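Descriptive analysis of the structure
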Amino acid sequence: MEILDSMARFGHEQVAMYNDPNTGLRGIIAIHDTTLGPSCGGTRMWPYESETDALADALRLSLAMTYKSAAAGLNLGGGKGVIIGDPRTQKSESLLRSWGRFVDTLGGRYLTTTDVGTNGRDLESIHQETRHVVGLDVTLGGSGDTSIMTGLGVYMGIKACAGDAWGSDSLRGRTIAMQGFGKVASHTAKHLLDEDARVIATDISEDALGKAKSMGVQVVGAEEIFDTPCDIFAPCALGGVINKDSIQRLSCRIVAGGANNQLATEADGEELQRRGITYAPDFLINAGGIINVSTEIGQPYNPDRARQQTERIYEQMSAVLTTSRNKEISTARAAELLAETRLADVRRVRGIFRG
Ligand code: NAD
């Protein structure tokens, strides 16, 4: 892969690579854009088959973080770290501390947190070597579990879509079908149930299904969820679930959930629109987690402030739905436009020129 060409294609500012023979660490940090503030994004640990795959993932994920933070109105840029290795067998304190030293070399241009393959305890090891870490446990002065705010944000986004679709954002008596009943889904479901909505869920984990049942959620089989008559389908597990096959089976009016990368392709978003199904762009509706960590930067974490900022997802979602209608573009494109407009405005203020 031609690295500079790849960076130029999507406007990445910096790619840093690190090799530490003492610990076996091999990793990459990609900084996409720091117009709005320091780049922020989790550290992913994954057994990539090649360096090219790892680099491609870092570039793709850091770009997505720029859009997510910009659309959420945060003063953060987009960044991502990837460690090449199997988190189940190759993770050690020394490797994570070495990663922390690498993060530290960037002097705060990149703030890290957890992602696939890393957890809160790993973050504590990374934090031994750098202060450029967010999302530490609340007992350590961090903002802790992101899924609580992510769940709240998903609920706010669902309400905004309901208001747009039905003229009232009340979810009382509405049926929401959730694919996946993990951390985010269960927090979202709590808000939905408090509003007397009917929640149906599936999961592949018995523990998750047990939790769903204990909350009063009706449980169905993993495949059955796509054919379940509902008002709102909420993908809360995997990426790529909205695809040409699943779209044929959905009978909902709204698709809105917490999972990342829900659309298999851009065309699937357009197909939802063609069928009269409102799609809540994933990076907008699931921004509660990054909003939560952003509120601990430069000040002590304040959950009330995090909650207030997360609740704004309602307004942002409503604005995106209006833009989508007025400009006759997909909701996903309208959300991208929201982010791009904000970035362009701030670049203009700061006299930053981007070709
Ligand atoms: P989680 O691991 O707690 O929950 C995911 C659940 O999905 C698990 O219970 C798992 O068993 C289930 N699942 C996996 N494959 C499934 C399948 N084929 N059918 C049904 N269920 C299946 O993770 P989470 O933190 O709740 O995250 C859920 C989604 O939200 C992910 O896509 C994640 O990237 C995204 N997300 C999470 C956050 C956050 O703050 N945690 C923030 C933004 C986005």
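Under an unreviewed UniProt entry, the name given to the protein chain is Leucine dehydrogenase, and the organism recorded is Geodia barretti.

1. Here's the deal with the overall build of the protein chain
Helix and strand counts for the protein chain stand at 14 helices and 11 strands. The C-alpha radius of gyration computed for the protein chain amounts to 20 Å, which stays within 12% of the reference 20 Å derived for 355 residues, consistent with globular compactness. Buried positions account for 53% of the 355 residues belonging to the protein chain. Accessible surface computed for the protein chain: about 16,000 Å², of which carbon and sulfur atoms make up 48%.

2. Looking at the sheet that holds strand E2 (residues 25-33)
What the 5 strands build is an open sheet, ordered E1-E2-E4-E3-E5; its pairing is mixed. A single partner strand is all that each edge strand has here, and the edge strands are strand E1 (14-20) and strand E5 (110-114). Here the average twist between neighbouring strands, direction ignored, is 20°. Relative to E2, E1 runs antiparallel, the two being bridged by 7 bridges. Residue pairing in the sheet places Tyr18 in a bridge with Gly27 of E2. Relative to the sheet, helix H2 (residues 51-71) contacts E1, E2, strand E3 (39-46) and strand E4 (77-84), its axis offset from that of E4 by approximately 155°.

3. Brief notes about helix H3 (residues 93-105)
Its 13 residues place the ends of H3 19 Å apart at the C-alpha level, agreeing with the 18 Å of an ideal helix rising 1.5 Å per residue. For H3, the full list of buried residues reads Leu95, Leu96, Ser98, Trp99, Gly100, Phe102 and Val103. Against the buried residues of H3 lie E1, E2, E3, E4, E5 and helix H4 (120-127). Looking one or two residues beyond H3, the residue adopting positive phi is Gly107, at roughly 60°.

4. Examining the nonpolar core
Judged by nonpolar contacts, the single largest core of 47 residues is most densely connected at Leu171, Met178, Phe181, Leu192 and Met317. The element contributing the most residues to this core is helix H5 (residues 147-166), with 10 residues. Excluding anything up to four places from it in sequence, Phe181 contacts Ser186, Ala189, Ala201, Thr202, Asp203, Ala208, Lys211, Ala212, Met215 and Val217. The next biggest cluster of nonpolar side chains, apart from the first, holds 18 residues, and it includes Ile200, Val220, Ile225 and Leu272.

5. Notes on the site of the ligand
What surrounds the ligand is a group of 19 residues, the closest being Thr146, Thr150, Lys183, Val184 and Asp203. Within the side chain of Thr146, an N or O atom sits 2.8 Å from an oxygen atom of the ligand. A distance of 3.2 Å separates an oxygen atom of the ligand from a polar backbone atom of Gly258. Burial of the ligand by the protein amounts to 74% of the accessible area it has alone, namely 820 Å². Mapped by element, the contributors of at least two residues to the shell around the ligand are H5 and helix H6 (183-194). When its residues are assigned to classes, the shell around the ligand shows 7 nonpolar, 10 polar and 2 charged.

6. Overview of the environment of His12
Looking at the element boundaries, His12 is found in the loop between helix H1 (3-10) and E1. In this structure His12 comes out as buried when scored by relative accessible area, which is 8%. Setting aside its immediate chain neighbours within four residues, His12 contacts Ser6, Met7, Ile31, His32, Leu59, Ser62 and Leu63. At 3.2 Å, the side chain of His12 forms a polar contact with the side chain of Ser62.

7. Here's the deal with the packing of H3 against H4
Orientation of H3 relative to H4, taken along the N-to-C sense of each, is 60°, at an axis distance of 7 Å. With respect to H4, the axis of H3 lies oblique. Note that H3 runs across H4; the crossing there is right-handed. Taken together, the residues of H4 that come into contact with H3 (itself represented by Glu93, Leu96, Arg97, Trp99 and Gly100) are Asp122, Ser125 and Ile126. Here the residues of the contact of H3 with H4 are counted per class, giving 3 nonpolar, 2 polar and 3 charged.

Criteria and thresholds
- Residues numbered from 1 in each chain as written.
- Predicted model: local features only at pLDDT ≥ 70, side-chain atom pairs only at ≥ 80, totals over all residues.
- Heavy atoms only, no water.
- Helix = DSSP H or I, 4+ residues; strand = E, 2+ residues; numbered from the N terminus.
- Rg over C-alpha atoms; globule rule 2.2 N^0.38 Å.
- Buried < 20%, exposed > 50% of the residue type's maximum accessible area, 1.4 Å probe, protein only.
- Areas by Shrake-Rupley, 256 points an atom, 1.4 Å probe, with all protein chains shown as cover.
- Pairing = 2+ DSSP bridges.
- Axes fitted to C-alpha atoms, helices over the stretch in contact; angles between N-to-C directions.
- Contact = heavy atoms within 4.5 Å.
- Expected span 1.5 Å × (residues − 1).
- Core = buried A, V, L, I, M, F, W, Y, C linked by side-chain atoms within 4.5 Å.
- Near = heavy atom within 4 Å.
- Polar contact = N/O pair within 3.5 Å; in protein donor to acceptor, adjacent residues only side chain to side chain.
- Nonpolar A, V, L, I, M, F, W, Y, C, P; charged D, E, K, R; others polar.
- Parallel < 35°, antiparallel > 145°, perpendicular 65-115°, else oblique.
- Left-handed = near helix turned anticlockwise from the far one by under 90°.

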